[in-house]
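Single-letter residue listing:
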Amino acid sequence: MTAAGGNTGTAVVRALRARGEQVRAVVGSAKPRPELDGLGAEVVVADLVGAPGSLPLADADALYLVWPNFEPTEAAGVPRAVEAARQAGVGRVVYHSVLRPQLRSMPHHAAKDRAEEALDAGGVPWRVLQPCAYADNLDAQLSRIAETGELRSPWGLEQAQSLVDLRDVADAAAVLLTEDGLDGGTFEAVGPQPLTAPDLAAALGEHLGRDVRAVDTRPGTDDDYAGRCSRTMFDWYRRHGFTGSPRVLTALLGRAPATFADHLAGLSR
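Counting of residues starts from 1 at the beginning of each chain's written sequence and follows it residue by residue. Totals for whole chains, interfaces and linings use all residues, but because this is a predicted model, local features are given only for residues with pLDDT of at least 70 and pairs of side-chain atoms are given and counted only at 80 or more. Only hydrogens and water are set aside; all other atoms, that is, all heavy atoms of the structure, feed into the side-chain values.

Q: With reference to specific residues and values, describe the pattern of salt bridges.
A: When the charged atoms of two side chains with opposite charge come close together, those side chains can pair. By definition, a salt bridge exists where a carboxyl oxygen of Asp or Glu is found within 4 Å of a side-chain nitrogen of Lys or Arg. What the rule picks out here adds up to 14 salt bridges. Between Arg255 and Asp168 there is a salt bridge, and its shortest N-O distance comes to 2.8 Å. Of this pair, Arg255 sits in the loop between α9 (247-253) and α10 (260-267) while Asp168 sits in helix α6 (residues 166-178); the two residues are 87 residues apart in sequence, bridging distant segments of the chain. Take Arg255: its relative accessible area is 34%, and that puts it in the partly exposed class. For Asp168, a relative accessible area of 3% corresponds to the buried category. Within this structure, Asp168, Asp171 and Arg255 form a network of salt bridges that share partners. Under the DSSP-based scheme used, a helix requires at least four consecutive residues in state H or I and a strand at least two consecutive residues in state E, with every element numbered from the N terminus. Accessibility here uses a 1.4 Å probe with only protein chains present; expressed as a share of the type maximum, an area under 20% marks a residue as buried, one over 50% as exposed, and anything in between as partly exposed.

Pasting the structure below:
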């Protein structure tokens, strides 16, 4: 099996190793990767956007393809990576997309939509995982929230999101990488609750044992591609929210996905 680095890639490696799978983790730089080494993964440095032969895919049964977040090379790079998988005889590709990639007003959604479109021409059996926003994205704010009692919400205070626990996304990815009968399928990975920022603040307050209020804030400028992706994403969330149904994820996992309160409780373990 092959997976990329980063938080999502590490979580997928962990889920695969829990199943007893051998994993080659392809990362983009030679910096130390203790989080992957500790899982017993083979860590290999390679260029995702290089020539197809540069990816170390020999003897891989499956490729989990997760592109760096807000990276402008994705739309062009995914077809090259799929071609590398075809040349190496990889049995299947699982592409990490996003919930509703057809929302092309967001550049990173548009890139994933084009990448999904290219899978049919890739010559390799494929599956697509489409997660919504992660509950884990709020974890980095916990110490500041505990200190200030404020949850800063760049998507406003009225519209909801169905945040999903990254561990559930990784477990679903492991299913798609290892189980038969799923080729050509597109699978949404959505948390079980549509929650507004005030709803999340209430759950955080319960977890932290103090009052927490949601505060409307605005993202930064969009001077570069990543900034433009972030701004357009939060503008969309502010107007429409970002919710979906947990039914597909429940079917993949064989259990209900974690609630936001479950996610917070898991941080203490």
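Q: So what's going on with the environment of Arg167? Which residues, and what values?
A: Of note, Arg167 is situated in helix α6. Sequence-wise, Arg167 and Tyr134 are 33 residues apart; in three dimensions their C-alpha atoms are separated by 9.6 Å. Sequence-distant contacts of Arg167, that is, excluding residues within four places in its chain, are made with Asp262, His263 and Gly266. Two residues qualify as a contact provided that any one of their heavy atoms is within 4.5 Å of a heavy atom in the partner residue.

Q: Please provide a residue-by-residue account of helix α1 (residues 6-18), values included.
A: A helix is expected to reach a length of 1.5 Å times the quantity of its residues less one. Between its first and last C-alpha atoms α1 spans 18 Å; for 13 residues at 1.5 Å apiece the expected length is 18 Å, and the two agree. Taken together, the buried positions of α1 are occupied by Thr8, Gly9, Thr10, Ala11, Val12, Val13, Ala15 and Leu16. After α1 finishes, the residue Gly20 shows a positive phi value of roughly 85°.

Q: Kindly report on the packing of α1 against α6, identifying the contributing residues and their values.
A: Interaxial angles span 0 to 180 degrees and are taken between N-to-C directions of axes, which are lines fitted to C-alpha atoms, for helices over the stretch in contact. Orientation of α1 relative to α6, taken along the N-to-C sense of each, is 60°, at an axis distance of 8 Å. The pairing of α1 with α6 is recorded here as oblique in orientation. In the crossing of α1 with α6, the sense of the turn from one axis to the other is right-handed. Touching Asn7, Thr8, Ala11, Val12, Ala15 and Leu16 of α1 are Leu166, Ala170, Asp171, Ala173, Ala174, Leu177 and Thr178, all from α6. When residue character is reported, Ala, Val, Leu, Ile, Met, Phe, Trp, Tyr, Cys and Pro are called nonpolar, Asp, Glu, Lys and Arg charged, and the others, Gly included, polar. Within the contact of α1 with α6, the residues separate by chemical class into 9 nonpolar, 3 polar and 1 charged. Convention used here: angles under 35 degrees read as roughly parallel, angles over 145 as roughly antiparallel, angles from 65 to 115 as roughly perpendicular, and any remaining angle as oblique. In a left-handed crossing the near helix is turned counterclockwise from the far helix by less than a right angle, and in a right-handed crossing that turn is clockwise.

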